[in-house]
Amino acid sequence: MPFPVWGKVAVVSLMMLAFSCFFLALSPANDRLPLSLGSAVYNIGNSWLVIMLYLLMMWLAVDLLRLCRIVPSDLFHDNGLVASLVCIFFFFLFGFAYTRYNHKERVPLRLQTHKSVDPLRFVLTSDWHLGYHNRRTELARWIDLINAENPDVILIAGDIIDHHYRPLVEEHMAEEFRRLKAPVYACLGNHEYFAGEPTAERFFRDAGIHLLRDSVAEFHGLSIIGRDDRTNTRRRPLHELMRSVRPETYILLLDHQPYSLEEAEAAGVDFEFAGHTHHGQVWPGNWITEALYECAFGAHQRGQTHYYISSGLGIWGARFRIGTQSEYIVAEVGQ
């Protein structure tokens, strides 16, 4: 930055202030701020965290180039042109990332089965993360997208709530859910535990969502199993839940975190739907999730069991997508 010392101190101070917003956003103190200010703190803190990651990667690359004498050492010192180019690059990169997040990909999925089941269309989603950053206006847009598909049933694989319950109450988001034109079934995610699962259960009831917490529901020849999140270390094993399932039905499993996929195969589940990974949200996070999970994103198969791991309709933290997508799945099942 071609600034005098006081200018550089001012810029670094603003960076430190933005970084401190991240910790304030996660603390109970954010709930004591006016809702609009709390949303600003959340968005600034989480957005800066991602921008800082990309700045770190860029300057590490620059230092490597300098060490290898590919670029001169003084190129990035007090250079107004370079500083301006860096700012312009980041402006367009994160403008694209924000636009990419707001665009919701529609993913069609056809599930073939030999079982006798009524032809059904259902919308599958996960990871809405409603809260300070995904507020009621955004939720209304998502509800309209889902209703436009005319589904027979809607399935949500956890993390409807982000971290703080307060924005959902103050903006009466439960009322928005009641505009959905099909029954909604959901399981808990780890963020429902962060918000407090009794609070989450109350919100689900108010929103008209059928919460499946280690339980089974039948819908037109479809057996929907909803597992409690693995945050609950005492959740029931899948093979116990299968005792409540009629094997002639099409068996669909909702489990927020896509660990131990072999359990669904061994239990004879026809289709498992999960989320949680966000596919890393921004590159190179997708490389990390792909190393951690057997399947971190998309369609997968083990034996006769099919899977889909969603990158999520919403997102945690910053509203950016780089190398990943926000999505909802429109699945049709039948012979």
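It should be noted that the structure appears before, not after, this text.
Residues numbered from 1 in each chain as written. Predicted model: local features only at pLDDT ≥ 70, side-chain atom pairs only at ≥ 80, totals over all residues. Heavy atoms only, no water.

(A) Broad picture of helix H11 (residues 285-292). Among all positions of H11, only Gly 285, Asn 286 and Thr 289 are buried. Burial along H11 is one-sided: seen end-on, the buried residues are contained in an arc of 95°. In H11, those exposed residues whose orientation departs by more than 90 degrees from the buried face are Trp 287, Ile 288 and Ala 291. (Buried < 20%, exposed > 50% of the residue type's maximum accessible area, 1.4 Å probe, protein only. Helix = DSSP H or I, 4+ residues; strand = E, 2+ residues; numbered from the N terminus. Arc of directions from axis to C-beta.)

(B) Highlighting the pattern of salt bridges. Applying the stated criterion to the full structure yields 26 salt bridges. Of the charged contacts, one joins Arg 66 and Asp 63 as a salt bridge, the two residues approaching to 2.9 Å between their closest N and O atoms. You can see Arg 66 and its partner Asp 63 sitting in helix H2 (residues 35-67), three residues apart, about one turn around the helix. Judged by its relative accessible area of 35%, Asp 63 falls in the partly exposed class. The partner of Glu 294 in a salt bridge is Arg 302, with the nearest N and O atoms 3.0 Å apart. When its relative accessible area of 43% is taken as the criterion, Glu 294 is described as partly exposed. In this structure Arg 302 comes out as partly exposed when scored by relative accessible area, which is 24%. Several salt bridges share partner residues, and in doing so they unite Arg 106, Arg 110, Arg 121, Glu 149 and Glu 332 into one network. (Salt bridge = Lys/Arg side-chain N within 4 Å of Asp/Glu carboxyl O.)

(C) Examining the packing of aromatic side chains more closely. Taken as a whole, this structure holds 19 aromatic pairs when the rule is applied. Judged by centre distance (5.2 Å) and plane angle (75°), the rings of Phe 22 and Phe 23 are edge-to-face. Judged by relative accessible area, which is 11%, Phe 22 ranks as buried. For Phe 23, a relative accessible area of 48% corresponds to the partly exposed category. Aromatic pair Phe 273 and Tyr 308: ring centres 6.5 Å apart, planes at 20°, arrangement stacked. Linking Phe 273 in strand E9 (residues 271-274) with Tyr 308 in strand E11 (residues 305-309), this pair joins segments that are 35 residues apart in sequence. Residue Phe 273 shares its accessibility class with Tyr 308, and that shared class is buried. One aromatic cluster in this structure is built from Trp 128, Trp 142, Tyr 165, Phe 177, Phe 203 and Phe 204. Over the aromatic face of Tyr 259 sits the side chain of Arg 230, whose NZ or CZ is 3.9 Å from the ring centroid. (Phe/Tyr/Trp six-rings, centres within 6.5 Å; stacked < 30°, edge-to-face > 60°. Lys NZ or Arg CZ within 6 Å of the ring centre and 35° of its normal.)

(D) Inspection of unusual backbone geometry at higher detail. Cis geometry marks the peptide bond from Trp 283 to Pro 284, where omega comes out at 5°. Along the chain, Pro 284 falls in the loop between E9 and H11. Not every positive phi belongs to a glycine, and His 220 is a case in point at roughly 50°. Position of His 220 among the secondary structure elements: in the loop between strand E6 (215-219) and strand E7 (222-226).

(E) View of the sheet that holds E7. If you walk across this open sheet you meet the six strands as E6-E7-E8-E9-E11-E10, and the pairing is mixed. Of all the strands in the sheet, just E6 and strand E10 (298-302) have a single pairing partner and so form its edges. Pairs of neighbouring strands in the sheet enclose a mean axial angle of 20°, with direction left out of account. Pairing between E6 and E7: five bridges, direction antiparallel. Within the sheet, the bridge partner assigned to Ser 215 lies in E7 and is Gly 226. (Pairing = 2+ DSSP bridges. Axes fitted to C-alpha atoms, helices over the stretch in contact; angles between N-to-C directions.)

(F) Representation of a nonpolar patch on the surface. On the surface, Met 1, Phe 3, Val 12, Met 15 and Met 16 cluster together into a nonpolar patch covering about 450 Å² of accessible area. Checked against the element boundaries, Met 16 lands in helix H1 (residues 5-26). For Met 16, a relative accessible area of 57% corresponds to the exposed category. (Patch = residues over 30% accessible without salt bridge, like charges linked within 9 Å, V, L, I, M, F, W, Y side chains within 5 Å. Areas by Shrake-Rupley, 256 points an atom, 1.4 Å probe, with all protein chains shown as cover.)

(G) Representation of the side chain of Asp 255 in the model. Secondary-structure assignment places Asp 255 in the loop between strand E8 (250-254) and helix H10 (262-267). Judged by relative accessible area, Asp 255 falls into the buried class, the value being 3%. A distance of 3.0 Å separates polar atoms of two side chains, one belonging to Asp 255 and the other to Arg 235. (Polar contact = N/O pair within 3.5 Å; in protein donor to acceptor, adjacent residues only side chain to side chain.)

(H) Molecular detail of the pairing of E11. Among the five residues that make up E11, four are buried, leaving the element largely enclosed by the rest of the structure. Looking at chain direction, E9 and E11 are connected through four bridges and run parallel. Counted as the bridge partner of Phe 271 is His 306 from E11. Between E10 and E11, which follow one another and run antiparallel, lie two residues, and Gly 303 among them has a positive phi close to 60°.

Purely spatial values, then, with no claim about function.
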